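Residue-level structure breakdown
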Amino acid sequence: MNYDQIFQSAQEAFLHFKNVSGKDKATFLRRIADGLEAEKHTLIPLASEESNLPEGRITGELGRTAGQIRLFAKLLEEGSWVEAVIDHADPERTPAPKPDLRRFLTPLGPVVVFGASNFPLAFSTAGGDTASALASGCPVIYKAHPAHPETSKLVGQVISKAVIDSNLPLGVFTHVEGGIETGQKLIQHPLAKAVAFTGSFTGGKSLFDLANQRSEPIPVFAEMGSVNPIIAFKEKLGANIESLAKAFVGSLTLGAGQFCTNPGLIMVPSIHAEAFASAVKKELQEIAAAPMLHEGIAEAYYKSLSILESRKELKWVQVAAAKDLIKAYPALAKIKANDWLEDDHFQQEVFGSFALMVVYENFNELFAIAQRLHGQLTITLWGENGELAKKEDLINLLSEKCGRLLFKGAPTGVEVGHAMQHGGPYPSTTDSRFTSVGVHAIKRFVRPIAYQDMPQDLLPDALKEGNPLGIWRTVDGELVK
Ligand code: NAP
């Protein structure tokens, strides 16, 4: 593989693509979304076969993938996302004249994207990372995930066709197949300017370290998953044991537990621990074991369970009914809060349908757990309004530990929209200032640039005096159109 050729072509494409208008980029993105839908009769069975995920789930994922691409298209058509800011000159100012300063967001350059095995469409080749990087004006070099190679290839062809149909340079999108070494070479190439990754902590962290060892370090936006704690309070849980057990098991076993927002940790007050554990066990026994993405993931799931089975602090509410080669049998163990507090290993993600129930005696113990929690994508609170009313300290503390704090329902199901934050403090991601889902994902691949005293003709349209794009801008401190 000629890495120089790949990046030269991406860099040349960048110099053109970064200046393509928002409207034309939107048309390009819509062509990708339309192209994916046009291939649905091939794509859905193929992705289902390669991932072991049911066709119904893949159908939903295709809708989500096309939907999020079109959401970026709308963002580009509206245009204000570039955050244009204009401070007019004041030549009369004393003691020194004030210059004309104009600032907006500009794309970084070629982005290397690593897709996830658990979302063969929505977080893979044409997934949120690729869509947001292309929307920002950055070419994408996509490292295909070996768990769904043919799906990846077909989606890559759809994107490349949209590139051609939009008269864009071919280097706007490159589909690269290969293993770990290929990924490492890609992010080490001097022309790579950023990396987006969804997957394991080990993978994300090692790519982050590698990117920081470059002579020119580049940002790595790695979403590495978390255990997404649920905290149940006494009154709420006591009044809704059956329904909350059902909601919890539904979220825990969805997609065989293979979601980065899967609730792998639940804090339960001791007074209801037995009743809740029995209700969960009853629900778990009604769930059929589902095939995991591939044998390697199933093996990793049962290996993690075996390590936990050797821990005497755990009491098993439900052991995995079998250790299958491919299917995930759900499991639940409980542990006393003071034992959990002793060892950070109990916070490690088990990718699959396993959860640890931490039984707490009182608020102080719960607060100590919250203090100890690692960074999370989500934290969920199940409490009556009255129970939460005087818990500002706890809620403040939990807000520091996650990207999304829920007060209802379960963490799985990540809404794609304007207000979503999918990304929390380390180790759930490598940069909690950004999201990998929703329109703000575009901000990962841009940087601000300010132009001082630039002649009007040379300014980008977003910064020209007459506001030819008709976008929202901050002019002399006021937001105006
Ligand atoms: P992964 O092993 O992290 O792999 C994701 C992608 O990154 C693959 O293309 C992989 O390439 C590449 N990669 C991994 N480590 C690398 C390294 N050190 N250098 C260069 N490239 C590297 O994730 P996965 O295959 O999707 O699933 C494996 C585990 O990841 C699961 O068991 C689960 O724990 C976790 N996971 C988390 C999430 C999440 O949402 N955060 C999603 C899926 C999976 P190769 O495949 O060629 O090695």
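Residues numbered from 1 in each chain as written. Predicted model: local features only at pLDDT ≥ 70, side-chain atom pairs only at ≥ 80, totals over all residues. Heavy atoms only, no water.

1. Focus: the side chain of Ser48
Stated formally: Put simply, DSSP H or I for four residues or longer makes a helix, DSSP E for two residues or longer makes a strand, and each gets a number counted from the N terminus. Accessible area is worked out with a 1.4 Å probe on protein chains only. A residue is then buried under 20% of its type maximum, exposed over 50%, and partly exposed in between. What makes two residues a contact is simply this: any of their non-hydrogen atoms within 4.5 Å.
In this fold, Ser48 is placed in helix 3 (residues 40-51). Take Ser48: its relative accessible area is 13%, and that puts it in the buried class. Those residues in contact with Ser48 that lie beyond four places of it in its chain are Leu53, Pro54, Glu55 and Ile58.

2. Looking at the domain arrangement of the protein
Just so we agree on the cut-off: An automatic or database domain assignment provides the domain bounds reported here. When two components associate, each loses some accessible surface as probed by a 1.4 Å sphere; the sum of these losses over both components is called the buried area.
The domain architecture assigned to the protein consists of domain 1 (3-224 + 432-480) and domain 2 (230-406). On a C-alpha basis, the centres of domain 1 and domain 2 stand 35 Å from each other. With eleven residues of domain 1 at the interface, the matching set in domain 2 holds twelve residues. Between domain 1 and domain 2 the total buried area reaches about 850 Å² when both faces are included, carbon and sulfur atoms providing 58% of it. Among the residues of domain 1 in contact with domain 2, Asn52, Asn118 and Glu223 are the three that bury the most area, contributing 48% of the side total.

3. Here's the deal with the environment of Trp382
Applicable threshold: Polar contact is the term for a pair of N or O atoms within 3.5 Å; when the atoms are in protein, one must be able to donate a hydrogen and the other to accept it, and sequence-neighboring residues count only if both atoms are side-chain atoms.
Note on placement: Trp382 falls in strand 15 (residues 376-382). The class of Trp382 is buried, set by a relative accessible area of 3%. Distance in space between the C-alpha atoms of Trp382 and Pro330 is 23 Å, their sequence separation being 52 residues. With residues near it in sequence (within four places) discarded, Trp382 still touches Ile230, Ile231, Ala232, Phe233, Lys236, Leu244, Phe248, Ile266, Phe276 and Gly409. At 2.9 Å, the side chain of Trp382 and the backbone oxygen of Gly409 are in polar contact.

4. Thoughts on the sheet that holds strand 13 (residues 331-336)
Rules: Two strands qualify as a pair provided DSSP detects at least 2 bridges between them. Angles run from 0 to 180 degrees between N-to-C directions of axes, and those axes are lines fitted to C-alpha atoms, restricted for helices to the stretch in contact.
In space, the seven strands of this open sheet follow the order 11-13-14-9-8-15-16, with mixed pairing throughout. If you trace the sheet from one side to the other, it starts and ends with strand 11 (315-318) and strand 16 (402-406), each paired once. Between one strand and the next, the sheet's axes are offset by a mean angle of 20°, whatever the strand orientation. Summarising the sheet, strand 8 (residues 230-232) and strand 9 (residues 265-269) pair through two bridges and their orientation is parallel. Bridging from a neighbouring strand, Ile230 pairs with Ile266 of strand 9.

5. Quick look at unusual backbone geometry
Residue Pro95 is bonded to the preceding Thr94 through a cis peptide linkage, with omega at 5°. Here Pro95 is to be found in the loop between strand 1 (85-87) and strand 2 (101-107). Of note, the amide linkage connecting Tyr426 to Pro427 takes the cis form, showing an omega dihedral of 10°. Take Pro427: it is sitting in the loop between strand 16 and strand 17 (446-452). In this structure, Asn52 takes a positive phi of about 65° despite not being glycine. By the element assignment, Asn52 lies in the loop between helix 3 and helix 4 (55-78). Take Asn52: its relative accessible area is 30%, and that puts it in the partly exposed class.

6. Describing the site of the ligand
Rules: Proximity criterion: a residue is near a molecule or strand once any of its heavy atoms comes within 4 Å of it. Computed by Shrake-Rupley with a 1.4 Å probe, the accessible areas treat only the displayed protein chains as cover when residues are assessed. Three classes are used: nonpolar for Ala, Val, Leu, Ile, Met, Phe, Trp, Tyr, Cys and Pro, charged for Asp, Glu, Lys and Arg, and polar for all others, with Gly counted as polar.
For the ligand, the set of nearby residues contains 24 residues, the closest of which are Ser117, His145, Ser200, Ser206 and Cys260. A distance of 3.0 Å separates a nitrogen atom of the ligand from a polar atom in the backbone of Gly225. For the ligand, whose unbound accessible area comes to 850 Å², protein coverage reaches 84%. Listed by contribution, the elements that provide at least two residues to the shell around the ligand are helix 7 (180-188), strand 6 (194-198) and helix 8 (201-213). Of the residues forming the shell around the ligand, the biggest block, three residues, is contributed by helix 8. Classifying every residue of the shell around the ligand by side-chain character gives nine nonpolar, 13 polar and two charged. A domain split of the shell around the ligand shows at least three residues from each of domain 1 (3-224 + 432-480) and domain 2 (230-406).

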